[in-house]
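The lines below spell out each chain.
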Amino acid sequence: MGSTDSKLNFRKAVIQLTTKTQAVEKLVQGAESGCHSEKEKQIVLNCSRLLTRVLPYIFEDPDWRGFFWSTVPGAGRGGQGEEDDEHARPLAESLLLAIADLLFCPDFTVQSHRRSTVDSAEDVHSLDSCEYIWEAGVGFAHSPQPNYIHDMNRHALPLFTSLLNTVCAYDPVGYGIPYNHLLFSDYREPLVEEAAQVLIVTLDHDSASSASPTVDGTTTGTAMDDADPPGPENLFVNYLSRIHREEDFQFILKGIARLLSNPLLQTYLPNSTKKIQFHQELLVLFWKLCDFNKKFLFFVLKSSDVLDILVPILFFLNDARADQSRVGLMHIGVFILLLLSGERNFGVRLNKPYSIRVPMDIPVFTGTHADLLIVVFHKIITSGHQRLQPLFDCLLTIVVNVSPYLKSLSMVTANKLLHLLEAFSTTWFLFSAAQNHHLVFFLLEVFNNIIQYQFDGNSNLVYAIIRKRSIFHQLANLPTDPPTIHKALQRRRRTPEPLSRTGSQEGTSMEGSRPAAPAEPGTLKTSLVATPGIDKLTEKSQVSEDGTLRSLEPEPQQSLEDGSPAKGEPSQAWREQRRPSTSSASGQWSPTPEWVLSWKSKLPLQTIMRLLQVLVPQVEKICIDKGLTDESEILRFLQHGTLVGLLPVPHPILIRKYQANSGTAMWFRTYMWGVIYLRNVDPPVWYDTDVKLFEIQRV
């Protein structure tokens with residue numbers, strides 16, 4: 001395909017295919033006739049395979065893209081010459097309509113409900129495709145008998161419900177017979193993968209550019225609510241946003257959770273269960289479900305079923321943290337958790353004890369799902385590759401959002417949080433980038449939330465704060481003089497690793513786990529666009545006394561009663577205002593005493609300092625009086641202690657909720673197509689094409 005002659009011959013071939021009733025026209029004829037004979041079915045399949053290879057090349061050339069959406073001479077609907085050509089359908093429209101009909105063609109892609117086959121074109125057009133949905137589930141109760149030939153014949157855009165039900169009803173394990181995937185061919189898996197990919201493509205829609213789809217939910221007996229106001233222009237998004245029955249939500253959630261958990265399955269026989277590979281497509285689908293249908297999001301969060309989504313996501317994040325080719329997977333997993341963390345119920349659900357033991361190379365602990373989340377986040381921050389640093393803000397924002405609801409953190413988790421604060425509080429880290437101090441603000445907000453709202457059950461964290469009290473004193477006395485700042489920066493240049501791992505008390509990893517491995521050299525990956533900063537990704541909301549959220553307007557200079565900034569970190573406008581005074585003559589950013597003072601004075605240390613002022617003397621007295629060296633006695637004292645009336649007035653709970661924006665919409669589009677590209681390199685559909693949305697790179 002590289003030479004001029006070959007491209008010229010290719011164009012001639014395309015002209016022949018489109019002007020002499022070949023290819024597209026054969027599909028139209030097949031849809032009109034109903035594909036009675038085996039010969040007709042084979043012609044349709046051959047044309048589909050040919051178009052699969054040809055269309056990527058057609059779209060390389062802008063002229064061909066225009067041609068594809070224009071009327072083809074001689075292809076009028078009635079075949080009556082030039083007059084009829086004026087009313088002819090564009091080639092692309094003819095193709096899509098034909099494929100939509102063929103996807104619901106009895107005895108070809110679906111089972112016939114009649115004893116005799118369809119006899120005429122009128123009968124084909126009179127078919128109700130809703131009676132031929134491929135799988136039971138949303139809007140359809142009858143599950144057709146499996147037919148692998150029908151599965152293999154379904155190759156393009158079907159209706160929304162068939163795609164969704166086909167994905168969510170798939171069970172790769174089946175009856176659980178060991179090694180069944182090696183003994184029998186699974187004809188359904190390729191269909192499910194393609195259905196998932198087509199579904200997320202059809203749902204590609206920028207929600208920031210239109211009103212969020214809402215659901216009335218008053219109509220019963222149907223899957224879609226006909227009483228809704230008009231939805232967005234994308235019909236697939238419209239269909240998705242109108243699902244409202246709880247049984248449909250349960251079917252979707254259980255299906256996605258089952259498939260996401262599949263790679264985590266553990267058996268006594270190695271490699272005895274089938275492992276799916278399309279978890280990234282499932283994560284995109286779950287994101288779109290939560291983003292476009294808020295009733296589904298609330299359904300997910302109203303029970304502990306959300307944890308069946310959380311655990312696989314944390315597994316994928318932990319497993320991919322060292323692999324640069326999977327940085328997109330890391331981002332979408334974190335984005336989903338950021339979206340969920342904006343809802344109070346997510347934080348409450350995290351208090352459920354974590355009993356299932358998915359093998360991850362993280363320290364062994366006894367605790368809750370909140371412990372699992374924080375321990376995995378600590379692992380990502382301290383041992384992930386450097387391209388993950390832009391995610392640190394998101395990771396800590398998630399912890400901040402859930403912190404007011406965490407009833408009891410384990411000692412392992414408490415030590416991890418204090419280790420992060422210790423690492424982020426070093427002068428060389430604080431002074432090495434303009435935004436690094438935000439991470440300290442986030443962690444201090446976590447501690448303040450737990451102390452003010454969940455003190456009684458968190459003696460482990462209180463004890464860890466007391467043991468590491470020197471960190472807070474060092475922050476309160478952070479140096480601001482130029483020589484110390486210069487000395488800290490010199491140390492940064494001598495320090496090869498981004499964060500110190502000393503004092504993190506790693507402990508023994510879970511049994512059966514394997515270390516996160518970097519990508520194999522030569523692994524293909526696709527480039528991604530930059531993601532917006534956390535101030536663009538989220539909007540601030542304050543939790544009222546009745547539990548409702550009130551959106552807050554950003555006010556850079558506003559402070560709370562305890563001296564902490566209203567936003568927890570400087571706003572974008574405030575940072576822009578400060579930037580000129582912290583730039584060197586060369587234009588490169590450098591810290592100044594004024595810059596350090598501007599945020600040091602806003603560190604929310606008052607609550608923690610008051611806690612230390614009250615509890616440290618008491619703990620020291622007990623240790624001296626009773627000669628205690630065992631921390632269990634100290635923990636017992638802290639469990640029965642109280643700070644009621646001794647702490648500052650509790651601050652309002654602030655939640656940073658994800659907000660749709662054009663930046664993340666573009667990121668999702670790039671990521672989604674990158675996943676689809678890399679999952680379809682065999683056969684090489686896009687071989688020798690000039691992809692413009694992203695770059696294909698090798699690790």
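Residues numbered from 1 in each chain as written. Predicted model: local features only at pLDDT ≥ 70, side-chain atom pairs only at ≥ 80, totals over all residues. Heavy atoms only, no water.

So, about the overall build of the protein. Helices and strands together make up the secondary structure of the protein, namely 32 helices and five strands. Evaluated residue by residue, the protein yields a buried proportion of 51% over its 699 residues. Partitioning the contacts of the protein with sequence separation of at least 6, the portion at a separation of at least 24 is 77%. (Helix = DSSP H or I, 4+ residues; strand = E, 2+ residues; numbered from the N terminus. Buried < 20%, exposed > 50% of the residue type's maximum accessible area, 1.4 Å probe, protein only. Contact = heavy atoms within 4.5 Å.)

The contact between helix α2 (residues 24–33) and helix α3 (residues 38–58) brings their axes to 9 Å, and the two run at 145°. Here α2 runs over α3; the crossing is left-handed. Between α2, through Val24, Lys26, Leu27, Gly30 and Ser33, and α3, the contact on the second element is made entirely by Glu40, Ile43, Val44, Cys47, Ser48 and Leu51. Taken together, the residues of the contact of α2 with α3 break down into six nonpolar, three polar and two charged. (Axes fitted to C-alpha atoms, helices over the stretch in contact; angles between N-to-C directions. Left-handed = near helix turned anticlockwise from the far one by under 90°. Nonpolar A, V, L, I, M, F, W, Y, C, P; charged D, E, K, R; others polar.)

Turning our eyes to something else, we now look at a nonpolar patch on the surface. Side chains of Phe59, Trp69 and Leu96 sit close together on the surface and give an oily, nonpolar patch of about 300 Å² of accessible area. Within the secondary structure, Trp69 sits in the loop between α4 (62–68) and α5 (82–85). (Patch = residues over 30% accessible without salt bridge, like charges linked within 9 Å, V, L, I, M, F, W, Y side chains within 5 Å. Areas by Shrake-Rupley, 256 points an atom, 1.4 Å probe, with all protein chains shown as cover. Salt bridge = Lys/Arg side-chain N within 4 Å of Asp/Glu carboxyl O.)

Attention now goes to the confidence of the model for the protein. Taken as a whole, the protein shows an average pLDDT of 78; of its residues, 73% reach a score of 70 or greater. Mean pLDDT across the secondary structure elements of the protein bottoms out at helix α28 (residues 572–578), with 34, and peaks at helix α20 (residues 392–402), with 97. Low pLDDT, under 50, characterises residues 115–122; the stretch is placed with eight contacts to residues that sit more than four places away or in other chains. Within the model, pLDDT remains below 50 along residues 225–232, and this stretch shows 21 contacts once partners closer than five positions in the same chain are excluded. (pLDDT = per-residue confidence, 0-100.)

Before going further, it helps to spend a moment on the pairing of strand β2 (residues 538–543). With five bridges joining them, β2 and strand β4 (residues 654–658) adopt antiparallel strand pairing. Considered in β4, the bridge of Thr538 is made with Tyr658. With three bridges joining them, β2 and strand β3 (residues 549–551) adopt antiparallel strand pairing. Pairing of Gln542 across the sheet is with Arg550, part of β3. In sequence, β2 turns back onto β3 through a hairpin of five residues, with Gly547 there showing a positive phi of about 95°. (Pairing = 2+ DSSP bridges.)

This brings us to the packing of helix α11 (residues 188–202) against helix α32 (residues 662–678). Following both chains from N to C, one finds α11 and α32 inclined at 155°, their axes separated by 11 Å at the closest point. Classified by the angle between their axes, α11 and α32 sit roughly antiparallel to one another. In terms of crossing hand, the pair formed by α11 and α32 is left-handed. Residues Gln197, Ile200 and Val201 of α11 pack against Met672, Trp673 and Ile676 of α32. Taken together, the residues that form the contact of α11 with α32 break down as five nonpolar, one polar and no charged. (Parallel < 35°, antiparallel > 145°, perpendicular 65-115°, else oblique.)

This next bit is on the side chain of His385. One can find His385 in the loop between α19 (369–383) and α20. What His385 contacts, discounting residues up to four positions off in sequence, is Arg321, Ala322, Asp323, Gln324 and Val327.

Reading across the sheet, the three strands line up as β3-β2-β4 and stay open at both edges, with antiparallel pairing between neighbours. Both edges of this open sheet fall to β3 and β4, since each of them pairs with a single strand only. Neighbouring strand axes in the sheet, compared pairwise and without regard to direction, differ in orientation by 40° on average.

Another aspect to go through is the environment of Leu409. Checked against the element boundaries, Leu409 lands in the loop between α20 and α21 (411–424). Note on Leu409: relative accessible area 1%, which makes it buried. Residues Leu409 and Ile374, spaced 35 residues apart in sequence, show a C-alpha to C-alpha distance of 9.6 Å. Setting aside residues up to four positions removed in sequence, Leu409 forms contacts with Ala370, Asp371, Ile374, Leu417, Ile450, Asn458 and Asn460.

Our focus in this paragraph is the pattern of salt bridges. For the coordinates displayed, the defined rule picks out 17 salt bridges. Asp248 is paired through a salt bridge with Arg245; the nearest N and O atoms lie 3.1 Å apart. Exposure class is identical for Asp248 and Arg245. Each is buried. We note a salt bridge from Arg326 to Asp319, for which the minimum N-O separation is 3.1 Å. Owing to a relative accessible area of 14%, Asp319 belongs among the buried residues under this scheme.

Looking now at the packing of aromatic side chains. Enumeration over the complete set of coordinates arrives at 21 aromatic pairs. Plain terms: the ring middles of Phe335 and Phe668 are 5.9 Å apart, the flat faces sit at 45° to each other, and that makes the pair tilted. Here Phe335 is found in helix α17 (residues 327–341), whereas its partner Phe668 is found in helix α32, with 333 residues between them in sequence. This pair shows no difference in class: Phe335 is buried, exactly as Phe668 is. Taking 5.2 Å as the distance between ring centres and 85° as the angle between the ring planes, the aromatic pair formed by Trp667 and Phe668 counts as edge-to-face. Looking at Phe668, the relative accessible area reads 8%, which means it is buried. (Phe/Tyr/Trp six-rings, centres within 6.5 Å; stacked < 30°, edge-to-face > 60°.)

By the criterion of burial, β4 is predominantly enclosed, with five of the five residues buried. On β4, burial covers both faces: Leu654, Arg656 and Tyr658 on one face and Ile655 and Lys657 on the other are all buried.

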